[in-house]
Structures are given as C-alpha cells and as structure tokens.
Amino acid sequence: MSVGFEVTARGGAARRGRLTTAHGPLDTPAFMPVGTAATVKGVQPEQVKALGAQMVLANTYHLMLRPTAEVVDKLGGLHRFMQWPGPILTDSGGFQVMSLAKLRKLEESGVTFKSHVDGTEHRLTPERAVEIQDLLDSTITMVLDECTAWPATQAEAASSMELSMRWAARCRDAFRQREGYGLFGIVQGSVYPDLRERSARALIDIGFDGYAVGGLAVGEPHQEMLQILETTVPQLPEDRPRYLMGVGKPQDIVEAVWRGVDMFDCVLPTRCGRTGLAFVRRGKVVMKNARHREDPRPLDETCACPACAGGFSRGYLHHLFRTEEMLGPILMTLHNLTHYQTLMAELRAAIEADCLEEYRAWFQAEQAKGDIPPL
C-alpha cells in the first residue's frame, strides 16, 4: 500500500484532507518548509514542528552533491540524519535542470550537471533520481522532470513537457513500492492549457500517488498562473493530493487553495526572513527600514511566534539586522514560518466551516491595508 489520502471537507473547489504516510500524517491544505540541504536554515527541527509544520522538503540535487545519498543512507536515512521524524518530500532535481541551465547538458537519457560547488560532473537520470530518493528514505519521491523555463514558445514547451512525461514513466518503473511511501508525477506545459491537459492525461495514464503542478511562479504573469491552475487542477484525480510546487506568497497560496490545491512549498518565508522581510497579517514589513528604530510594538500583535509573543520589539529586530546579529534572521525566520502555518490552519478551518469565500475576502482586505502606521 502506498500513501493514503482522504478528503474530509469541501468548500467550492477547495478541499480539506489528510495524507497518511509511513512517517505520520499531513493535514491539508499544507505548507512544507524548505530544508534544501537537510536543514530549514537557522532553526532547529523541534522548532519547525512546534510552529505547526508536519512535512518538510529537501532537495535531491543538493544532497546528491553533499554529503551524497550514500552517506545519508549510511548514517540512517534523511529522517535520522536531520532529526526530523515526520514526513519528508524530496524535489527530484528538475528545478535545477532549469535554474542551472548553464551548468548542465540535457539529453533524452537524463541530465549531466557540472557541480556549482566544485565543477565536478554528476549524472542524473530518472532511474538515478528515484534511487537517490530511495537511499535518502524520502516519504514522497518526486519524478525527475524538466522544469520548463519562461518564456517558452508552444513548440519549446511541448518538447519539454513530452520529455518530462517519458521521464515520468521511467520513474514509475524504477520506484520501489513500500507501505506509506509515495511517488508524485509533475504536470508541465508552461502557460499553454492544451499542453497542461495533455500532460495531466499522460500522468494519470501512468498512475501516481499524487500529482504536482510544476513550472509555475518562474516569471510568468500572476494572472496567467491562476488561469493555468483553473484549467489544470480540475483535470487531476479527486482522490489524490494536488501539490503546487514552489508557490509562494501568502496571497498566492490562498488563491491556489481556492482553486483546489492541497500542498505547497516555497523558500520565501525562510529566505525573506534571513534578509529582514516579514510577512504579517497586513502584508509585508521590511525590518531594516529606519521607521522601526524606536518602535516598541511587536512585529505583528496577532502572531504567536517567538519574536512577536516573546516580547521582542520592532526596534530590537531592526537593531539586530542593522548590526548583523544572527538572532535577527533566526527570529524573523521563526516568525515567517509561524505566519505561514497559521495561514494554513485558518484555511483548513475555513473549509471545514464552509466559509472559505468569506475568509478569502477578509484576507484580501487585511492585506490591502498595508503595515500599521509609524509612531
């Protein structure tokens, strides 16, 4: 038996559900903090769990380079290696096929990378990508795909998507079935609805435990992303989880949940936290701005994170970033991760209460207010 998925409530196209895995459950809609190199940067695993996260994401490409999948396997698998007992989803390296285009050679058989670390060559085929994720003991394995760059002509997007579908079939053949473990396919096709439909049909014919939508939030206009979700998500199986890869901003998540997406990941809350950008109920706050220098108020009075509930003022956080003290990025990362997990809990509650439409309108109104006025 693979992973299980049950939809427990609906609100329009939105779903409230639960994914059951070998390493514990995931209540959906869910946001997975990104731990690319087997760590959510700057925070301890027990802190990530305490903030409400149930599943985290790690990256096949980066762990293939350092410390290697074989070393992780020798040290007990990724869960023991990073001290995260819960479910882990691993990205296959498909995003790096796009983001490291100048360092790779793409062929039908797979992709050869020149390491961005030391220039050494590494070969990643669909079969090897699945093998690496098996060695890592990933709860959810992602197929190797080519994340199509934007902009792309329809012909370019079609060729890229078709390659990804051939690779997906090879990943399915290579995947070792285990109880509580799953393999997800990835829909590609850029901003072309007909290609997205063809991709979804091809993946359903192969058969996967879950279905991801990839190749979005890579530069295309926001409205085009939403339109692609509106045409793509309804074509995916009702009884399987739907995962929007690499998205995103809180408002993007609300809109995608509204359109039927169940799972999300993004580096934004952690990356922005490290640079002093906070996500709050009323939008965003840049902590390095001088207006916060003498502000005694918390970052967000509605937030229960260690920064806001712990008594740290905006003035103190501003000081930490101005003096480049490491506590600043740590507190801001904890805040942003809390903000995202609170958002997901509210979305789940709104779907259960059948009031998602009202919640969505309230959320948009709050975001539009902007930060509280300076003192």
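Because the structure is predicted, anything quoted here is derived from the model rather than measured. (Residues numbered from 1 in each chain as written. Predicted model: local features only at pLDDT ≥ 70, side-chain atom pairs only at ≥ 80, totals over all residues. Heavy atoms only, no water.)

Draft legend 1. A look at empty space enclosed by the protein. Under the counting rule described, the total for this entry stands at one cavity of 30 Å³ or more. Lining the largest cavity we find L26, A30, F31, G52, A53, Q54, M55, Q341 and R348. At the level of elements, β4 (30–33) and α13 (327–352) are the ones that each hand at least two residues to the lining of the largest cavity. (1 Å grid on protein atoms, 1.4 Å probe; cavity = no way out; pocket = protein on both sides within 12 Å on 5 of 7 lines; lining within 4 Å. Points joined across faces, edges and corners; volume = space filled by probe spheres on them. Helix = DSSP H or I, 4+ residues; strand = E, 2+ residues; numbered from the N terminus.)

Draft legend 2. Examining a nonpolar patch on the surface more closely. Together, V71, L75 and F81 give the surface a local cluster of nonpolar side chains, amounting to about 240 Å² of exposed area. Looking at the element boundaries, L75 is found in the loop between α3 (69–74) and α4 (78–81). Accessibility expressed as a relative area gives 48% for L75, which makes it partly exposed. (Patch = residues over 30% accessible without salt bridge, like charges linked within 9 Å, V, L, I, M, F, W, Y side chains within 5 Å. Areas by Shrake-Rupley, 256 points an atom, 1.4 Å probe, with all protein chains shown as cover. Salt bridge = Lys/Arg side-chain N within 4 Å of Asp/Glu carboxyl O. Buried < 20%, exposed > 50% of the residue type's maximum accessible area, 1.4 Å probe, protein only.)

Draft legend 3. Structural view of the sheet that holds strand β12 (residues 210–213). Read across the sheet, eight strands follow the order β4-β14-β13-β12-β11-β10-β6-β5 without closing on themselves; strand pairing throughout is parallel. Edge strands, defined here as strands with exactly one partner in the open sheet, are β4 and β5 (56–59). Across the sheet, the axes of successive neighbouring strands diverge by a mean angle of 25°, strand direction being ignored. Bridge count for strand β10 (residues 140–142) against strand β11 (residues 182–187) is three bridges, and the pairing is parallel. Each bridged residue has a counterpart across the sheet, and for M142 the counterpart in β11 is F184. (Pairing = 2+ DSSP bridges. Axes fitted to C-alpha atoms, helices over the stretch in contact; angles between N-to-C directions.)

Draft legend 4. Focus on the packing of aromatic side chains. Using the criterion set out here, one finds seven aromatic pairs in the structure. Note on F31 and Y340: the rings are 4.7 Å apart at their centroids and 55° apart in plane angle, and the pair reads as tilted. Here F31 is found in strand β4, whereas its partner Y340 is found in helix α13, with 309 residues between them in sequence. A network of ring pairs unites the aromatic residues F31, F279 and Y340 as a single cluster. (Phe/Tyr/Trp six-rings, centres within 6.5 Å; stacked < 30°, edge-to-face > 60°.)

Draft legend 5. Summary view of the sheet that holds strand β8 (residues 111–114). The strand order β7-β8-β9 describes an open sheet built from three strands, whose pairing is antiparallel. Both outer strands of the open sheet, β7 (104–106) and β9 (121–124), are each paired with one neighbouring strand and no more. Mean inter-strand twist for the sheet, computed between neighbouring axes without regard to direction, equals 15°. Here β7 pairs with β8 via three bridges, running antiparallel. Residue K105 lies in a different strand from β8, and its bridge partner there is T112.

Draft legend 6. Quick look at the side chain of D295. Residue position: D295 is located in the loop between β16 (283–286) and α12 (314–322). At 2.8 Å, the side chain of D295 forms a polar contact with the side chain of R297. Not counting residues up to four positions away in its chain, the partners in contact with D295 are S313, R314, G315 and L375. (Polar contact = N/O pair within 3.5 Å; in protein donor to acceptor, adjacent residues only side chain to side chain. Contact = heavy atoms within 4.5 Å.)

Draft legend 7. Summary view of the packing of α12 against α13. Interhelical geometry of α12 versus α13 gives an angle of 130° and a closest axis separation of 8 Å. Between α12 and α13, the angle is such that the two are oblique. When α12 is examined against α13, the residues Y316, L317, L320 and F321 are found in contact with a partner set consisting of L327, G328, P329, L331 and M332. The residue makeup of the contact of α12 with α13, split by class, is eight nonpolar, one polar and no charged. (Parallel < 35°, antiparallel > 145°, perpendicular 65-115°, else oblique. Nonpolar A, V, L, I, M, F, W, Y, C, P; charged D, E, K, R; others polar.)

Draft legend 8. Geometry of unusual backbone geometry. Following T28, the chain continues into P29 via a peptide bond in cis, with omega recorded as 0°. For P29, the position within the fold is in the loop between β3 (24–28) and β4. Each neighbour pair has its own omega, and for V247 with G248 the value is -5°, a cis peptide bond. Of note, A38 is a non-glycine position whose phi angle comes to about 70°, a positive value. Classification of A38 as buried rests on a relative accessible area of 10%.

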